[in-house]
Amino acid sequence: MAMRTIDLSPAAARQLAAEVILEATRRRKQTAEPLSRLNWTRSYRRLLWPDVRLDFGEHKYLQEIYADEHAEIVVSKASQMGASEWAISDAIWAADVRSANVLYLLPGTGDVQDFSTARIGLAIEASPYIASIISSDFSDEGYRTQARDRQTLKRIRNRFIYLRHGSVKADGRAPHLKVAQVDLVIYDEFDEMDRRAPALAEKRLGHSHLRWQRWISTPTLPDFGIDAELKASDHR
């Protein structure tokens, strides 16, 4: 008859206690409320750029936007009001805290390169925390990217931010938008994009449990683009 041996030594007891603590910690993390975008930004993006501080005191209107975590958010803005920095925070927070893959759309090819270098690059430089969770290792994607490709692809832990332009060819094709399934799509300067791009981008949400979308733009014409999206929203 088989016999079960139980080790009651002090070393075994310590090992068992450590395993119990680790399991309890794991379960607490699973059930804990995720860090909100607002609190994440306060903790890790106190500096938007190395010499630019995020000041909710001077820009109180931004605090409400940062606190809003609805699945769909429409932001009609004027220039230089902090909306793109909010979107950058949203993208990195979603990848870091909500384990989301993100598709970040900008109007043109040049916009993507400049945005990646000037805006996201400075955000990384200004935050030691963000710098610590950004990885340059893409080997588990099955390939090694060239340095120029990393301008359009940012790895946050084991999730990715795809930076793409919202252009569509005359025949309706947009191969650059055929990325992996994502959980969040951000349309930055929505009014300047090809009108066909959002429908193509939305398909990448697939079966995501989040299916988040953000529309951001300076309005151009009544009942067009961001103005039409805003009028269709609940204005909360």
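Here is a short report on the structure shown in this document. Everything numeric in this text was worked out from a predicted model, so none of it was measured.

**Side note on the environment of R53**
Tracing the sequence through the fold places R53 in strand β2 (residues 52–53). Along the backbone, R53 and A126 are 73 residues apart, and their C-alpha atoms lie at a distance of 9.6 Å. Residues contacting R53, with those up to four places away along its chain left out, are R46 and L47.

**Observations concerning the side chain of R45**
Counting through the fold element by element, R45 comes out in the loop between α2 (37–44) and β1 (47–49). At 3.1 Å, the side chain of R45 and the backbone oxygen of L48 are in polar contact. Once residues within four sequence positions are removed from consideration, R45 is found in contact with W40, L54, E85, I88, S89, A123 and I130.

**Considering empty space enclosed by the protein**
In this structure the tally under the stated criterion is one cavity of 30 Å³ or more. In this structure, the largest cavity encloses a volume near 30 Å³. The wall of the largest cavity is formed by I88, A91, I92, Y104, F115, I120 and I161. Looking at the lining of the largest cavity, the elements that each hand over two or more residues are α4 (83–97) and α5 (109–126).

Parameters and conventions
- Residues numbered from 1 in each chain as written.
- Predicted model: local features only at pLDDT ≥ 70, side-chain atom pairs only at ≥ 80, totals over all residues.
- Heavy atoms only, no water.
- Helix = DSSP H or I, 4+ residues; strand = E, 2+ residues; numbered from the N terminus.
- Contact = heavy atoms within 4.5 Å.
- Polar contact = N/O pair within 3.5 Å; in protein donor to acceptor, adjacent residues only side chain to side chain.
- 1 Å grid on protein atoms, 1.4 Å probe; cavity = no way out; pocket = protein on both sides within 12 Å on 5 of 7 lines; lining within 4 Å.
- Points joined across faces, edges and corners; volume = space filled by probe spheres on them.

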